[in-house]
Amino acid sequence: MKVGDRWFLGLVLLIVISGCDTTKETRVIKLAHGLDVNHSVHKAMLKMGEDLEKLSGGKMTIKIYPNQQLGSERESLELLQIGSLDMTKVSVGVLENFAPDMKVFGIPFLFRNKQHSFSVLDGPIGKKLLKEGEKFWLKGLCYYDAGSRSFYTKDKQVTTPDDLKGLKIRVMESATAMDMVRSLGGAPTPISWGELYTSLQQGVVDGAENNPPSFYLSRHYEVCKYYTINEHTMLPDALLVSTHLWGRLSEQEKQWLQEAADNSVAYQRELWAISEREALEEVEKAGVEVIYPDKAPFEEAVQGIYDQYKDDKVMSSLIEQIQQTK
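Residues numbered from 1 in each chain as written. Predicted model: local features only at pLDDT ≥ 70, side-chain atom pairs only at ≥ 80, totals over all residues. Heavy atoms only, no water.

(A) Up close: the nonpolar core. Formed by 52 residues in total, the largest nonpolar core has its most connected members in Leu-95, Val-104 and Phe-105. With near-sequence residues (within four places) excluded, Val-104 lies in contact with Leu-110, Leu-129, Met-315, Leu-318, Ile-319 and Ile-322. Val-41, Met-45, Ala-260 and Val-265 belong to the second-largest nonpolar core, a separate cluster that totals 25 residues. (Core = buried A, V, L, I, M, F, W, Y, C linked by side-chain atoms within 4.5 Å. Buried < 20%, exposed > 50% of the residue type's maximum accessible area, 1.4 Å probe, protein only. Contact = heavy atoms within 4.5 Å.)

Encoded structure:
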């Protein structure tokens, strides 16, 4: 089934069930995402739903549609914008197409380490950026940890940027991701996550880039036998609610939903740390060669991306603020 057909069917499904999202006693919130049910984000969402039901005394619940049942990340965002879907989770790499300042997170080697990224996301910078999509009907509730993204390839080891030259690398629909791959010598190729396994099999692309749990749970390791842990970006996931729904909630309901979302963040981070270790262990057992290259050449190769934003007052200020965050 083509992506467009799947999106249309998802929209039809939402229209069919839209009359069932509230009753006199319970408000049912529809949440769609593209991840596997074993993913830490999905498990965190289940906890969020349980917490929301408890906080609201059964007045609010969440119905989750995983595995791109209702479309890709971009399509889910579009459904939020028209009010046909209530909530979704997307990578900020995709969100930058709707909330432009989010592209700052796609700048490679921006964060010194994971704790630095958490300090930014949990602090005033992260909270301000979550609000940026509101004028586009997308309200951010929280960030989920999505670790560091690294390259994986089918037939060729990548130990330096030179090894990427000429390789077609799948990226999200993200201008910063495409700039990053180009700066390293690769050919960026946007492909839907749901279509990537087949694209790798058929040689449409030579590799991709993502975090260890996504590499493992997607079973891309069955096709790609080299995983280069260069950790070029730390792109968080963002949990979003449609402003169409948000505007219909009472102040108490908003408080319950935000509290349930906030509670799920710490839980997801704990699960994520475990899943990262397990994913690397499992792909190595499956015969993947995990490579830990010198990161310095990769960092040097992408410095031109920083130069692109020197005359952009908003972006240059954001970059400076993030770099100065303790």
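Now that the structure has been shown, we can carry on.
(B) View of the packing of aromatic side chains. Under the definition given, this model contains six aromatic pairs. Ring geometry for Tyr-152 versus Tyr-227: centroids 5.9 Å apart, planes at 75°, classification edge-to-face. With a gap of 75 residues between them, Tyr-152 in strand β5 (residues 149-153) and Tyr-227 in strand β9 (residues 226-233) connect regions that are remote in the sequence. For the pair formed by Tyr-152 and Tyr-227, the shared burial category is buried. Taken together, the ring pairs connect Phe-105, Phe-111 and Tyr-143 into an aromatic cluster. One cation-aromatic arrangement involves Lys-47 over Tyr-267; the distance from NZ or CZ to the ring centre is 5.7 Å. Between Arg-269 and the ring centre of Phe-118, over which it is positioned, the NZ or CZ distance is 3.8 Å. (Phe/Tyr/Trp six-rings, centres within 6.5 Å; stacked < 30°, edge-to-face > 60°. Helix = DSSP H or I, 4+ residues; strand = E, 2+ residues; numbered from the N terminus. Lys NZ or Arg CZ within 6 Å of the ring centre and 35° of its normal.)

(C) Here's a closer look at the packing of helix α2 (residues 40-55) against helix α11 (residues 251-285). α11 packs onto α2 with a crossing angle of 145° between their chain directions and a minimal axis gap of 8 Å. Taken as a pair, α2 and α11 cross one another with a handedness that is right-handed. The segment α2 lies against α11, with Ser-40, Val-41, Lys-43, Ala-44, Lys-47, Met-48, Asp-51, Leu-52 and Leu-55 engaging Trp-256, Leu-257, Glu-259, Ala-260, Ala-261, Asn-263, Ser-264, Tyr-267, Gln-268, Leu-271 and Trp-272. For the contact of α2 with α11, a count of residues per class yields twelve nonpolar, four polar and four charged. (Axes fitted to C-alpha atoms, helices over the stretch in contact; angles between N-to-C directions. Left-handed = near helix turned anticlockwise from the far one by under 90°. Nonpolar A, V, L, I, M, F, W, Y, C, P; charged D, E, K, R; others polar.)

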